[in-house]
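Next come the chains, spelled out residue by residue.
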Amino acid sequence: MKHMDQASLDAEQQREARDLHRGLKDRHVQLIALGGAIGVGLFLGSGRAISQAGPGLIFAYAAGGIIIFFIMRALGELLLHRPVAGSFATYAEEYVSPFAGFATGWSYWFMWVVTGMAEITAVGIYTTYWFPDMPQWIPALIALGVLYAVNLIAVGLFGELEFWFALIKIVAIVLLLIAGPVVMLFNLGPAGETATVANLWQHGGLFPTGVLGVVLSLQIVMFAFQGVELIGVTAGEVEDPEKSLPKATNAVVYRILIFYIGALIVIMSLVPWTELHAGESPFVMVFERIGLPAAAGIINFVVITAAASSCNGGLFSTGRMLYTLAQFGQAPRAFAKVSSTHVPAAGITASAAVMLIGVVLNYFIPERVFVYVTSVALVGSLWTWALIVIAHLGYRKAVERGEAAAVSFRMPGTPYTNWLVLIFLGMVAIFLGIDESTRVAIYVAPIWFALLGLGYYFSRGSHLQPA
């Protein structure tokens, strides 16, 4: 199977330099990288994960964090080698196969569109806290409309909005990390009477639901990490890739581990894990126990911000992915054009239009759909992450053969760490089939990849032709 040639890749980089505007500053990239992985998965999904694994969830996040570290280091090395908006789809095309590039680009688009539907639904649900009589679809539609407009105006405005969205989420977690130890140290508020680090092991030990509980929680854990790779899609619009990308790649994993694991330790120390339930935000309960009167309202705002942030990133990345796919004849040619403000407006518009299905479903959506949707979206993430480390193996072999230039920022432990990542991701895919609530992802995956096979077959004639 013919791989993309060097001339085509160089042409893509030249087109992006002409079409896209490098309007993302270093602070934007740092916060996009961090904020992309701190979202609804932590603020809402952690309640279900805690009920499944108890304190064992801390170890699940640690294991997932180590795997994400290696994925991000592999991506960081590839980004410095070729900083393009197509990112991992381009690398899969170059170092794996044309079909891998096609499937990765479209799977990433599919993942973010489905996630976007879930996120605008979350905005609708949580807005009713303040406006109980307002139909859910109205705030969902308003949120999608505002984020769509922001993405159309300019990449700098997207970066600015995402910077503040991320900052709000980070401030909420930092407040928890500060308030928790203070409450335990000085026995403050209702939570102070029973708060102790010993809560982590006094209610059935560190693994109260056994290894299986920890294993089943990996779906929520890895969904929570979904979005860390968003930094890859920003590569074509970063002011100084050599400075910003390695810095963001390294920092994001350390900060996420501190925020996620630190937050979970504080939450389960303040409130025994047996009192935390699926469907409830542990953050709301903890702030209420601390005695903060406006806790529910504050966390409600943070959750809405987290959902809007994720949808904002989804619109950004899907527009860029369709732009890249169109460059190589793998999507309609209209998506290869950019607007006068240097954004891929057609791709953003198409993605927002598909996300409107989420607005329609808001009226009919049952409670379990959020779990179903996140499980289906995770399949796209698992594929993307796997292709990043496979493409990285191909890149390293090309360097050894003298066909590609080496970069200073390298993934440690190659090729053994690449295989470790692939084995772990394969295990997570198997675990999706064990849990009845996430099994739908296993049913959807073959259908999606069959559609991809058909799409690739019918687009072969225009494949690699210049857009």
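Residues numbered from 1 in each chain as written. Predicted model: local features only at pLDDT ≥ 70, side-chain atom pairs only at ≥ 80, totals over all residues. Heavy atoms only, no water.

Colleague: Sorry, what's going on with the overall build of the chain here?
Modeller: Check the secondary structure of the chain and you find 20 helices and zero strands. Put simply, the chain has 467 residues, and 61% of those count as buried. The long-range fraction of contacts in the chain, counting pairs at least 24 apart against all pairs at least 6 apart in sequence, stands at 83%. When the accessible surface of the chain is totalled, it reaches about 17400 Å², and 69% of it is carbon and sulfur. (Helix = DSSP H or I, 4+ residues; strand = E, 2+ residues; numbered from the N terminus. Buried < 20%, exposed > 50% of the residue type's maximum accessible area, 1.4 Å probe, protein only. Contact = heavy atoms within 4.5 Å. Areas by Shrake-Rupley, 256 points an atom, 1.4 Å probe, with all protein chains shown as cover.)

Colleague: I keep staring at the confidence of the model for the chain and nothing clicks. Help me out?
Modeller: Should pLDDT be low for a region, the predicted coordinates there are not to be read in detail. On average, residues of the chain score 82 in pLDDT, and 85% of them reach the 70 mark or higher. Considering each helix and strand of the chain separately, the mean pLDDT is smallest for helix α1 (residues 6–19), with a value of 54, and largest for helix α19 (residues 416–434), with 93. (pLDDT = per-residue confidence, 0-100.)

Colleague: What's the story with the layout of surface pockets in this structure? I'm lost.
Modeller: In this approach a probe as big as a water molecule rolls over the atoms, and the regions it shows empty are the leftover space. Here the second largest pocket defines a volume of roughly 270 Å³. As for the second largest pocket, its lining consists of 16 residues, and the residues nearest its centre are V123, A143, F165, I304 and A308. Elements with a contribution of two residues or more to the lining of the second largest pocket: α7 (98–127), α8 (137–153), α9 (155–186) and α16 (295–327). Looking at the lining of the second largest pocket residue by residue, the classes come out as 14 nonpolar, two polar and no charged. (1 Å grid on protein atoms, 1.4 Å probe; cavity = no way out; pocket = protein on both sides within 12 Å on 5 of 7 lines; lining within 4 Å. Points joined across faces, edges and corners; volume = space filled by probe spheres on them. Nonpolar A, V, L, I, M, F, W, Y, C, P; charged D, E, K, R; others polar.)

Colleague: Looking at this structure, how should I read the pattern of salt bridges?
Modeller: Two side chains bearing opposite charge may form a pair once their charged atoms approach each other closely. The final tally for this structure, using the stated rule, is four salt bridges. As a salt-bridge pair, R82 and E94 come within 3.5 Å of each other at their nearest N and O atoms. Here R82 is found in the loop between α5 (57–81) and α6 (87–95), whereas its partner E94 is found in helix α6, with 12 residues between them in sequence. Residue classification places R82 among the buried residues on the basis of a relative accessible area of 3%. (Salt bridge = Lys/Arg side-chain N within 4 Å of Asp/Glu carboxyl O.)

Colleague: How do you make sense of unusual backbone geometry when you look at a structure like this?
Modeller: When glycine is set aside, most residues are seen to have a negative phi, and most peptide bonds are trans. Between T414 and the following residue, P415, the backbone shows a cis peptide bond with an omega angle of 5°. Tracing the chain through its elements places P415 in the loop between α18 (369–400) and α19.

Colleague: In this structure, what is going on with α16? I would like to understand it.
Modeller: One turn of the α-helix equals 3.6 residues, which is why residues spaced by three or four share an orientation. If you check α16, its first and last C-alpha atoms are 48 Å apart, about what 33 residues at 1.5 Å a residue would give, namely 48 Å. The element α16 is largely enclosed, with a buried count of 31 among its 33 residues. Looking at the residues trailing α16, positive phi occurs at G329, about 70°. (Expected span 1.5 Å × (residues − 1).)

Colleague: How do you make sense of empty space enclosed by the protein when you look at a structure like this?
Modeller: Enumeration according to the criterion identifies three cavities of 30 Å³ or more in this entry. Counted as a void, the second largest cavity has a volume near 50 Å³. Going through the elements one at a time, α7, α18 and α20 (440–459) are the ones with two or more residues in the lining of the second largest cavity. Here the lining of the second largest cavity takes four residues from α20, the largest share from any one element.

Colleague: Sorry, what's going on with the packing of aromatic side chains here?
Modeller: The geometry of an aromatic ring pair is captured by two quantities: the separation of the ring centres and the angle between the planes. The final tally for this structure, using the stated rule, is 15 aromatic pairs. Their ring planes at 65° and their centres at 5.5 Å tell us that F102 and Y456 sit as a pair that is edge-to-face. Within this pair, whereas F102 is found in helix α7, its partner Y456 is found in helix α20, the two being separated by 354 residues in sequence. A single burial state applies to F102 and to Y456, both of which are buried. Aromatic rings pair up to connect Y61, F225 and Y260 into one cluster. Stacked on the ring of F409, the Lys or Arg R73 has its end atom at 4.2 Å from the ring centre. (Phe/Tyr/Trp six-rings, centres within 6.5 Å; stacked < 30°, edge-to-face > 60°. Lys NZ or Arg CZ within 6 Å of the ring centre and 35° of its normal.)

Colleague: Just to check I follow, could you spell out the environment of A198 for this structure?
Modeller: Summarising the element assignment, A198 is placed in the loop between α10 (189–192) and α11 (210–216). The spatial distance from the C-alpha of A198 to the C-alpha of L270 is 9.8 Å, given a sequence separation of 72 residues.

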